[in-house]
Amino acid sequence: MQAYRFALDVTPGQERALWTHAGAARLAYNWSLARVKAVLDQRAAERSYGVDEADLTPAAGWTLPALRRAWNAAKNDVAPWWSKCSKEAYNTGLDALARALKNWADSRAGRRAGRPVGFPRFKSRRRSTPTMRFTTGAIRVESDRKHVVLPRLGRLKTHESTRKLARRLDAGTARILSATVRRDGGRWHVSFCVELDRTERVPARPHTTIGVDVGVKHLAGLSTGELVPNPRHLDTTARRMRRRARRMSRRVGPDRRTGSCPSKRWEAARRQVARAHARVANLRRDGLHKLTTRLAREYGTIVVEDLNVAGMLRNRWLARHIADAGFAELRRQLAYKAGWNAGRLVVADRWYPSSKTCSGCGAVKTKLALSERTYTCTTCGLTLDRDLNAARNLAALACEVIDARSGRESQNGRGADRKTRPRGPVAVKRQPGTAASAGQTGTVPPQDGTADHVPFRHHERLRCG
Ligand SMILES: [Zn+2]
C-alpha cells in the first residue's frame, strides 16, 4: 500500500462542488453526532429518574452501517438536496464519526492504548479540514497524465503530472483502492491509496552498515563522514511568518462574543499565513523524502537511535527546532523505505550512550554538554565532530549486535570483562511473527511495530562503513 498525492488545479465551478461535498460530509457527521448524543443524554436522564433499564429509549447504534441506515432514513428531511453530492461524501462523515465514537468507547473501556480519547465534538465550517473520500465509482487517472476522474466531480486537472502513478497503472502493478480529496494549505489535493506490486529491489551496497545520528545542529550525521545540514525552514521563514501573522492580527477577525464575521481582508491575511506554513511543510517533507530515499536505496543496514520525540517536544527551548527538523518523520520514512528496498533498519535503544562513547577506543564519558560540538576523547585523544562520532558508534553497534547474533562473537555475555564498551541493548526490527530476541535482556522494543522489515538473515556478512 502506498499513497500518491497530487495537487489539483480546479476551476471555480469544481471548487464549489468540492466545498459542497466537504460540507455534505460535515453535515452527515454533525447530524449523526447530534442524534447519537441526544439518545445518550435521553437515556442518562431516564436513568436518573429511575426508569427501568428495559424501558429506556433504545440505544442508537454507532457502527458505520447503523449510522448509515439512520442517515438514509432521515436524509430526505435533513438534506433534501442530498442527491447533488456523491453518497461517498456523506459516507466520509459517517465513517469519521463511527471511528471517533469507537475510539472514545474503547478508550473509556480501557481497550485502547495511548492518551484518553474524548467524546467527538462537532465539526465547524471554519476549523475543520474539508475532506471527502471516494472508495467506489469512477476513480481514474486519465491517460493524458494531467487529469483525474472522481465520482460526481468529474475530470479534475492535476497541478503536476500523474506520471508516477499512471505508469504503474498502465503496467498493471497498481490498483487504486480509494481517493481522498482534501484541502491543505489553501489548495486542494487528491491522494490515491494504492495497492502496489513491488519489484524486488536491492540496495546499492547491501552489505554496508550506516549509522544515522539525527540532531538539531545537523539534521543527520552519517557514519560515512557526511553531515547533512539542517535546513531549518521554520527559522528562515520566521520573519515572513511574523509579518503575516501581525498583519492578520491587525485586521478584523471573527469574534465569538459579538458573533461578528471576519472581514474579507482578515480572510486574505489568514490565507497568506496558511500558505507560509504550507510552504515550510512542503520544503521539510521534500528534504526528508530525498534524504531517506537516498539512504534506503544505498545501504543494506541503517542504524538509528530510538528517540523519545514526544518527550523531547516537551522541552520548550528545543521543541520548535525538533519539530521543524522532523525527527519522528525521518525515522518513520526510513522504516518503510528500508522495507521497500530489502534493507534493514536497526533501532538502537533509547539509553545507548551514542554521543558519549568514543568511536575510537570505546571509552564512555560521564558528561557531555549539548554545547560541545566536537568530541575529544580523554583516553585516546580522538577529536571528531560530535554527530559523526555518534553516527559511527551507531554503525559499530549494529555490526557488534549482528555479529553476536550470527554466533561469531560470544566472549562476554553481559559485558563484564569490557567495562568501557557498553553494548547497549538493540532492537533489530523484524517482521511480526518471527521470534524476536534482540541483543540482550532489557530490550526496549521499537514503538511502532507496524512498519514492514526484512527478516534478519543469519549468514550475511557485514562490513562496517
Ligand atoms: Zn577514545
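In case you missed it, the structure is sitting above this.
Here the structure is a predicted model, which is why all the values come from computation and not from measurement.

Trainee: So what's going on with the pattern of salt bridges? Residues and values would help.
Mentor: Within the structure shown, the criterion is met by 27 salt bridges. Between R126 and E267 there is a salt bridge whose closest N-O contact spans 3.2 Å. In this pair, R126 is assigned in the loop between α3 (87-108) and β2 (131-134) and E267 in helix α7 (residues 264-298), connecting sequence segments 141 residues apart. The class for R126 is partly exposed, based on a relative accessible area of 36%. Two residues, E142 and R140, come together in a salt bridge whose shortest N-O distance is 3.6 Å. With a relative accessible area of 15%, E142 lands in the buried category.

Trainee: Describe unusual backbone geometry, listing the residues and the values that go with them.
Mentor: Phi angles above zero are rare outside glycine, and R145 is one such case at about 60°. Inspection of the secondary structure puts R145 in the loop between β3 (140-141) and β4 (147-150). Residues other than glycine seldom take positive phi values, yet R152 does so here, at roughly 65°. By the secondary structure assignment, R152 is in the loop between β4 and β5 (154-158). Classification of R152 as exposed rests on a relative accessible area of 54%.

Trainee: Before we move on, can you summarise the coordination of the zinc ion with the specific residues and values?
Mentor: Six octahedral donors around a metal ideally sit at 90 or 180 degrees from one another, while four tetrahedral donors ideally sit at 109.5 degrees. Taken together, the protein donors to the zinc ion comprise C358 (SG), C361 (SG), C377 (SG) and C380 (SG), at separations of 2.2 to 2.3 Å. Every donor counted, the 4 donor atoms about the zinc ion form angles of 108 to 111° at the centre, which fits tetrahedral coordination. Sequence positions of the donors to the zinc ion reduce to the motif C-x2-C-x15-C-x2-C. Owing to a relative accessible area of 5%, C377 belongs among the buried residues under this scheme. Taking relative accessible area as the criterion, C380 reaches 42% and is therefore assigned partly exposed.

Cut-offs used in this document
Residues numbered from 1 in each chain as written. Predicted model: local features only at pLDDT ≥ 70, side-chain atom pairs only at ≥ 80, totals over all residues. Heavy atoms only, no water. Salt bridge = Lys/Arg side-chain N within 4 Å of Asp/Glu carboxyl O. Helix = DSSP H or I, 4+ residues; strand = E, 2+ residues; numbered from the N terminus. Buried < 20%, exposed > 50% of the residue type's maximum accessible area, 1.4 Å probe, protein only. Donors = N, O, S within 2.8 Å, 3.2 Å for Na, K, Ca; no water. Tetrahedral: all angles 85-135°; square planar, octahedral: opposite > 155°, others 65-115°.

By themselves these figures say nothing about function.
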